[in-house]
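Coordinates in review
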Amino acid sequence: MKSAALTDTLHRAFFEEWAQRGFAAISLERVAARAGAGKAAIYRRFSSHHEFAAAAVSSLGLKLAMPEDHGSLEADVLAFLIRLRVVFRHPIIRRILPDLHAEAARSASMRELNTQVAHARREQAQVILDRAIKRGELDAGVDRDLALDLLPAPLYWRMVVLGVTPTRDQLATEAVAIVAALKGSARRR
């Protein structure tokens, strides 16, 4: 197996192990066995569980690009929510996310990883805000931190916390509510 393909296989096996057992109980021996590789394949690439987690999560993040321009803020938000719903529907991601947050509360290194992931997601979501400002749909003084919280939060709450998958119509309603909130979030001067 080529190096890049083996690394991808190791990442998948790592996520499967994490989802099944939780981060604290990950066994690199089991990860290697799931991937059909030896432990040496892991240790040549990663020096620790945390380094492995950081690499695996980062590689996943690259595959979750922001949607293209759909012509309006509401359409962009809806496209974002639809894409995010696909991610949150994945059974492995549904199990890993709560564990990642729990580990971040217990471990400074996992807090750092969680923060890096959140920062990367927020940077990508800036595109939606920038487009809306350029179109004149949002004031340039929009509270970006609040706006970047508002974009994923209701969907995350429904899907990851409550375990409910909204319909497309419910996402459309959510998009309307988020846009109204974004338009009301201009910084007070």
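Conventions and cut-offs
- Residues numbered from 1 in each chain as written.
- Predicted model: local features only at pLDDT ≥ 70, side-chain atom pairs only at ≥ 80, totals over all residues.
- Heavy atoms only, no water.
- Phe/Tyr/Trp six-rings, centres within 6.5 Å; stacked < 30°, edge-to-face > 60°.
- Helix = DSSP H or I, 4+ residues; strand = E, 2+ residues; numbered from the N terminus.
- Buried < 20%, exposed > 50% of the residue type's maximum accessible area, 1.4 Å probe, protein only.
- pLDDT = per-residue confidence, 0-100.
- Contact = heavy atoms within 4.5 Å.
- Polar contact = N/O pair within 3.5 Å; in protein donor to acceptor, adjacent residues only side chain to side chain.

Another aspect to go through is the packing of aromatic side chains. All chains considered together, the criterion is met by six aromatic pairs. Between Phe 14 and Phe 52 the ring centres are 4.3 Å apart and the planes differ by 25 degrees, which places this aromatic pair in the stacked class. Here Phe 14 is found in helix α1 (residues 3–21), whereas its partner Phe 52 is found in helix α4 (residues 49–62), with 38 residues between them in sequence. Looking at Phe 52, the relative accessible area reads 0%, which means it is buried. Aromatic side chains Phe 15 and Trp 18 sit 6.5 Å apart centroid to centroid with 15 degrees between the ring planes, which places their arrangement in the stacked category. With Phe 15 and Trp 18 both in helix α1 and three residues apart, this pair spans about one turn of that helix.

Across the protein, the average pLDDT comes to 89, with 93% of residues at or above 70. Within the protein, no element has a lower average pLDDT than α4, which sits at 80, and none a higher one than helix α10 (residues 168–183), at 97.

Attention now moves to the environment of Ala 37. By the element assignment, Ala 37 lies in the loop between α2 (28–35) and α3 (39–43). You can call Ala 37 partly exposed: its relative accessible area is 21%. Sequence-distant contacts of Ala 37, defined by excluding residues within four places in its chain, comprise Leu 6, Leu 10 and Ala 32.

Summarising the element assignment, Glu 17 is placed in helix α1. Within polar-contact distance, the side chain of Glu 17 engages the side chain of Arg 34 at 3.3 Å. Residues in contact with Glu 17, not counting those within four places in the same chain, are Gly 22, Ala 25, Ile 26, Ser 27, Arg 30, Val 31 and Arg 34.

When you line up the elements, Leu 129 lands in helix α7 (residues 108–135). For the pair Leu 129 and Leu 73, spaced 56 residues apart in the sequence, the C-alpha separation amounts to 8.0 Å. With residues near it in sequence (within four places) discarded, Leu 129 still touches Leu 138, Arg 144, Ala 147 and Leu 148.

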